[in-house]
Amino acid sequence: MSAAPKVLRDTDIGDLELEDRLRALWRTPRGLMGWLSSVDHKEIGVRYIVTAFCFLALAGGSAVIMRLQLATPDAHVVGPDKYDQLFTMHGSTMMFLFAVPIMQAFAIYLVPLMVGTREIAFPRLNAFSYWMYLFGGVFLWFCFFSNNGPDVGWFSYTPLALTQYNVGHRADFWAQMITYTEVAGLAVAVQTIVTIFKLRAPGMSLDRIPIFVWGSLVTAFMVVFAMPAVMVASTMLILDRLVNTHFYDVSLGGDNLLFQHLFWFFGHPEVYIIFLPATGFVSAIIPTFARRPIFGQTAVVLSLIATAIMSFGLWVHHMFVTGLPRLGESFFTASSMAIAVPSGIQIFCWIATLWTGRPRFATPLLFVLGFIFNFVIGGLTGVMVASVPIDTQVHDTYFVVAHFHYVLIGGAVFPLVAAIYYWFPKVTGRMMSEALGRWNFWIAFIGFNVAFFPMHILGLEGMPRRVYTYSADMPWGGLNLLSTIGATIFFISFLLLAFNMARSSVRGTVAGNNPWDGESLEWATSSPPPPQNFTRIPVVTSGSPLWENRKTFPTVTGLRADRKEVLVSTLTEAEPDLREPSPDPSIWPLLAAIAIGITFLWSVYTPWAVIYGAVPITVTLVGWFWPKGTKEDES
Amino acid sequence: MRGPAARSLLFAALLLSSCSPLQSALVPEGDTARAIAGLFWFFVAVCAAVWLIVMALLLIAVLPKRTAMPDPQIEPDVARERRIGFVIAGGIAATVIVLAVFTGASFLSNKSFAEPRPHSLTIKVTGHQWWWQVNYEARQADQTFETANEIHIPVGQPVKLDFESPDVIHSFWVPNLAGKQDLIPGRYTELTIKADKPGIYRGQCAEYCGIQHAHMAMFVVAQEPQEFAAWRAQQLRSGGGPNSAELRRGQQVFVSSACAMCHTITGTTAGGRVGPDLTHFGSRMTIAAGTTRNSLGNLTGWIADPQGVKPYTRMPAVALTGPDLMAVSHYLESLK
Amino acid sequence: MKTQVVLDVAPLPESSFGSRTLTWWGTIAFMSLEGMGFALAVGAYLYLRVLQPAWPMNEPLPGLLPGTIVTIILLLSAIPNYFLEHWARAYDLRKVRLGLVVMSLLGIAPLIARVFEFPALRVRWDTDAYGSIVWFLLALHTTHLITDVGDTIVLSVLMFTRHGKNPRRFSDTSDNAFYWDFVILSWLPIYFVLYWLPRFG
């Protein structure tokens, strides 16, 4: 008779001892090496958030300089070269280095907690994606600070982005930054999907999944199908520039609209990739402050799915004045207007939740209300620009700049700030200051509207986009000055937010597990959560687990207490199915990111870099996947 | 608090802008622009109403409630939820109807612009970094001529503009008259414009085309038919013979220095095709595609130091002595 | 709040195959994004083709032989791949080792043929847009092939070490075989588009 190796299960231990054992198992080792090899989704999520905020500060600062230059006609704050780099850096940083990463960051942090598991599906891939993101962003800004920043606009149209129309390698740096950030974004999307599909706590059937998690799932699918398009577009651009291919060279069979089609096929879903997670925030926050579960849960989920699918059918609305057949363009008018319907459903459901609930005011809810106010304006101007005739006047003018800032700031940044106030206690264990929060809100709200509302008028009055200055003969000075004042006020609101976060992290009131009395699983564990997230995995019996199970909380037993394990469940009903090990901290994801990062950078200068780089990349990937013979590797 | 604040902001904004007709899509002077403006105001009215309704509903939703309710409220009042569901469904139905009306109105408007219209004149506009080349076509070769940055058209008649670009994407936009159209290398696009009354309508390139995109303006000058005919006849004449010593000297400097390598003046040996045709430069309103007004002082400043006026412009500084510079400037101003 | 144990998961297995595992779903997600990339590249090919009066533009049709050899090798490799998957699920170490060596060789073979396939395109990448897009498609699939063959070789080596006895490696082998099916299937539309579509006019 063979003796099976003795394993230690959590059934055999009491709660306190289990807590200690699991902490020791799951925590990241101390010291620099530990920090560099962390695979804890919470630590990586926080790193992503902090890094994204640094990029927000850089991109926001660029915007303030641009606004100072435009405040008066014929100003000399910056010259045209610097201005062109600034608006390109502003747009590229906001879209690729801030907005998408920060939404993904919240998903990385919150999704495993909200679905009731210990760790994200592929922890080392998670670490890798952070390093790729960091390297890509730092690389781009390093280029800017050495006067080599891309100056072709955040969507880098050809032929302007081809070698003969711009200087040096600026456009190559833009294209390679895309490659880094899209690799990171795709990696996160893969993990999000697999975590939500397979790691949900027992009993969390599809109808009990929190809407923020649904939003993250739907967004991850959009990323998987949209990001390859921008990678193809930017790779073809680099190839045209570096090795003389002719994808966009009209003299030899190429076409400039090919770039636009590929880019906007990505570009339109991209804005929903930013917006849908924000609606997820709102759908998490409103129920807590309305004191009831969301109204119309099924309708909201179906709206998320419908928005995601429909967003792939709108892209030509960015190309209405390129000379495409006008009547074909009308199809895209219809589809661009139709997407307002699922967004409308969500808004009505949120209002209904507040209407039938008992709203309790706090800073997160204030920012959500600000979101509804501003986003509806942005959505309605969106309906206007969806109309081909109207778009022929306002395309590429400040009207469109106003529109997209209303939907992106109103529709994504306001919910994001709400999310920060809401989940800061969970992440840090302390509450943010309510008083400062109110100041933050009003300064942001007023600053934002003063900055961006006048732009609608400026666009209608003939002011195009991307102009570094304008003549005193034009009647634009007054509104531009007003907008600059608003922008400065809006920027100050972020300083206030940063101050509130910094001060509260040391002096804020200590928050317990569930300071807001929220309904979802992340509030079941301590603030901040222990490394293992939950000492015992919860069993879910409703869509609002913390409101249903006020007295006793059902949990799982039988997982091992001597190695890191996660519970894998079935796809739809979340029945427990498998116990899989979760990887230990590892330095290989960082090394692989360094190898790949250097190869990408080097390839801007020579195509041979791809061959040379293949060797270190192979080595690091083998090191990553080679089994270490630890307990996590047994089965 | 929000409503009045927004209103006073809007009022202040309107005061600060001068509601000027210059380059404004909201002051239409052409039939296309007028139709678009009408459509736009219709959208604004309906959208403003929708926004107000949604904000009113939101406001009511967050007002303090009088009835007591459990906290949290996890047992839904099924009947009430169903009623609200119907109201929302009604709201969605209303949304769909509004969007359908918007789509239909846009489609009909778009269709009318898309139909080819008989036009009295065809003008080829070629976008360059950072100026507009304008060629008036005609059936007979000796009736064609070229100018730059200014397009004269007869009032009340549709004029077809054919677009091309040999370098990067530009966009032709004269908001008082019509929506914009891109000029895309390798593709041919077009726009038909019609001015309803005489006037000077300013436009600007509306697709980022490089470092001096901000200084690529153009003017559409709509004239009564007799004036247009006179202007056209004048344009067909070659750069008139200089009739004073200074002007002759100016012409001499022009054709023998670098100027002739890039610019054409018909009737002289200057035949460069890189920069704008200067045959009737003296009759134009601006220099360097709207960058500065056309005056003797501005012109000498431009020739002496183009980079100072329009940094990174393709025109190099041509070293001329003081008297030569004055002579060339006088000469160019004489080319009416 | 008190917790109460209501479910014991100790009896659950610690490894499995197919859609019960996390890596299988990760593989599906990667197939989706790579498939999307291929689809877009083929879309770009068709887009450029529609714009041109002649296609290929100024050059002869691509030579059929190397590409067809690659196709035949890939299609034939589906057979040992099928058996490998079967043996992996049966935890048969000896047969899995054999199967992985065979699949490694069958992965290297098309790469050798691929070396001849590029010149057989009869156009350079920098000649014109047709040359650029056909090289792009072929290079995309080649990268795909190289990375998966690399994965197969590393896994083969692994199975000959002490780690080979771990049931998780059999799950990895099954995922690897699954991915190879995708490598074969994703090639077929590209083969058709590169070699046969221009011949049909």
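Just so we're clear, the structure is a prediction, and the values are computed from it rather than from any experiment.

Criteria and thresholds
Residues numbered from 1 in each chain as written. Chains lettered and ligands numbered in written order. Predicted model: local features only at pLDDT ≥ 70, side-chain atom pairs only at ≥ 80, totals over all residues. Heavy atoms only, no water. Helix = DSSP H or I, 4+ residues; strand = E, 2+ residues; numbered from the N terminus. Rg over C-alpha atoms; globule rule 2.2 N^0.38 Å. Buried < 20%, exposed > 50% of the residue type's maximum accessible area, 1.4 Å probe, protein only. Contact = heavy atoms within 4.5 Å. Lys, Arg positive; Asp, Glu negative; His and termini not counted. Charge placed at Lys NZ, Arg CZ, Asp CG, Glu CD. pLDDT = per-residue confidence, 0-100. Pairing = 2+ DSSP bridges. Axes fitted to C-alpha atoms, helices over the stretch in contact; angles between N-to-C directions. Salt bridge = Lys/Arg side-chain N within 4 Å of Asp/Glu carboxyl O. Polar contact = N/O pair within 3.5 Å; in protein donor to acceptor, adjacent residues only side chain to side chain. Nonpolar A, V, L, I, M, F, W, Y, C, P; charged D, E, K, R; others polar. Parallel < 35°, antiparallel > 145°, perpendicular 65-115°, else oblique.

In this structure, what is going on with the overall build of chain C? I would like to understand it.
Assigned secondary structure in chain C consists of five helices and one strand. The globule rule puts the C-alpha radius of gyration for 201 residues at 17 Å, and the 21 Å found for chain C is more than 25% above it. Each of the three principal axes of chain C carries a C-alpha extent, and together these read 75 × 50 × 25 Å. For chain C, the residues scored as buried account for 53% of the 201 residues in total. Excluding contacts between residues fewer than 6 apart, the proportion of contacts in chain C whose partners are at least 24 apart in sequence is 81%. Considering chain C, the positive charge centre built from 15 side chains and the negative charge centre built from 14 side chains are found 6 Å apart.

In this structure, what is going on with the overall build of chain B? I would like to understand it.
Scanning chain B from terminus to terminus reveals nine helices and twelve strands. Its C-alpha atoms give chain B a radius of gyration of 28 Å, clearly above 20 Å, the size a compact globule of 336 residues would have. Projected onto the principal axes, the alpha-carbon positions of chain B cover approximately 100 × 45 × 35 Å. For chain B, buried positions account for 50% of its 336 residues. Sequence separation of at least 24 residues holds for 63% of the intrachain contacts in chain B that already meet a minimum separation of 6.

Any chance you could explain the confidence of the model for chain C here in plain terms?
The predicted coordinates should not be examined in detail at positions where pLDDT is low. Residues and elements named next belong to chain C. Of all residues in chain C, 100% attain a pLDDT of 70 or more, and the chain-wide mean is 95. At the level of individual helices and strands, chain C shows its lowest average pLDDT in strand S1 (residues 2-8), which scores 90, and its highest in helix H1 (residues 22-51), which scores 97. Here the predicted complex scores 0.95 on pTM and 0.96 on ipTM.

Help me out: how do you make sense of the pairing of strand S1 (residues 552-557) of chain A in this one?
Along a regular strand, successive side chains alternate from one face of the sheet to the other. Counting buried residues along S1(A), five of its six residues qualify, which places the element largely inside the surrounding structure. As judged from the six bridges shared by S1(A) and S1(C), these two strands associate in the parallel manner. Bridging across to S1(C), Phe553(A) finds its partner in Thr3(C).

What should I look at first to understand the sheet that holds strand S10 (residues 217-223) of chain B in this one?
The strands that make up a sheet are held in pairs by hydrogen bonds between backbone atoms, and each pair lies either parallel or antiparallel. Residues and elements named next belong to chain B. Read from one edge to the other, the open sheet built from three strands follows the order S4-S10-S9, with strand pairing classed as mixed. The sheet terminates laterally at strand S4 (150-154) and strand S9 (199-204), the two strands that pair on one side only. Put simply, the sheet's adjacent strands are angled 20° from each other on average, direction ignored. Pairing of S4 with S10 involves five bridges; the strand directions are parallel. Across the sheet, residue Glu150 finds its bridge partner in S10, namely Phe219.

Where do I start with the interface of chain A and chain B in this structure?
Opposite the 92 residues of chain A that make contact, chain B presents 92 residues. Where chain A packs against chain B, one counts four salt bridges. One can count 28 residue pairs in polar contact (both at pLDDT 80 or more) joining chain A with chain B. In terms of residue class, the side of chain A that touches chain B is made up of 56 nonpolar, 20 polar and 16 charged.

I keep staring at the sheet that holds strand S8 (residues 189-193) of chain B and nothing clicks. Help me out?
All names here are of chain B. Read across the sheet, five strands follow the order S3-S2-S1-S5-S8 without closing on themselves; strand pairing throughout is mixed. Each edge of the sheet is formed by a strand with only one pairing partner; in this case those strands are strand S3 (145-148) and S8. In this sheet, neighbouring strand axes are inclined to one another by 25° on average, regardless of whether the strands run parallel or antiparallel. Bridge count for strand S1 (residues 121-128) against strand S2 (residues 131-136) is six bridges, and the pairing is antiparallel. If you follow Gly127 over to S2, its bridge partner there is Trp132. Its contacts with the sheet put helix H4 (residues 225-236) on S1, S2 and S3, and the angle it makes with S3 is roughly 100°.

Help me understand the environment of Glu573(A), please; the structure alone is not making it clear to me.
Residue and element names in this part refer to chain A. Along the chain, Glu573 falls in the loop between strand S2 (565-569) and strand S3 (576-581). When its relative accessible area of 46% is taken as the criterion, Glu573 is described as partly exposed. Remark: the alpha-carbon pair of Glu573 and Gly447, spanning 126 residues in sequence, is separated by 47 Å. Here Glu573 is in contact with Gly203 and Ser205, once residues within four sequence places are set aside.

Can you walk me through unusual backbone geometry in this structure?
Excluding glycine, a negative phi dihedral is what most residues carry, and trans is how most peptide bonds are arranged. Residues and elements named next belong to chain A. That bond from Thr158 to Pro159 is cis: its omega, -10°, falls within 30 degrees of zero. Position of Pro159 among the secondary structure elements: in the loop between helix H5 (123-145) and helix H6 (170-198). Cis rather than trans, the peptide bond between Ser527 and Pro528 has omega equal to -5°. With respect to the helices and strands, Pro528 occurs in the loop between helix H16 (477-507) and helix H17 (545-548). Positive phi outside glycine occurs at Ser156, with the angle close to 45°.

Please explain the side chain of His268(A) as it appears in this structure.
On the secondary structure map, His268(A) appears in helix H8 (residues 256-290). A relative accessible area of 6% places His268(A) in the buried class.

I would appreciate a short explanation of the packing of H8(A) against helix H9 (residues 297-310) of chain A in the present structure.
Two quantities define a packed helix pair, namely the angle between the axes and the distance from one axis to the other. Residue and element names in this part refer to chain A. Contact geometry for H8 and H9: axes closest at 11 Å, N-to-C directions at 170°. By the angle class used here, H8 and H9 are roughly antiparallel. On the side of H8, the interface is formed by Tyr272, Leu276, Thr279 and Ser283, while H9 contributes Val300, Leu304, Thr307 and Ala308. Taken together, the residues of the contact of H8 with H9 sort by class into five nonpolar, three polar and no charged.

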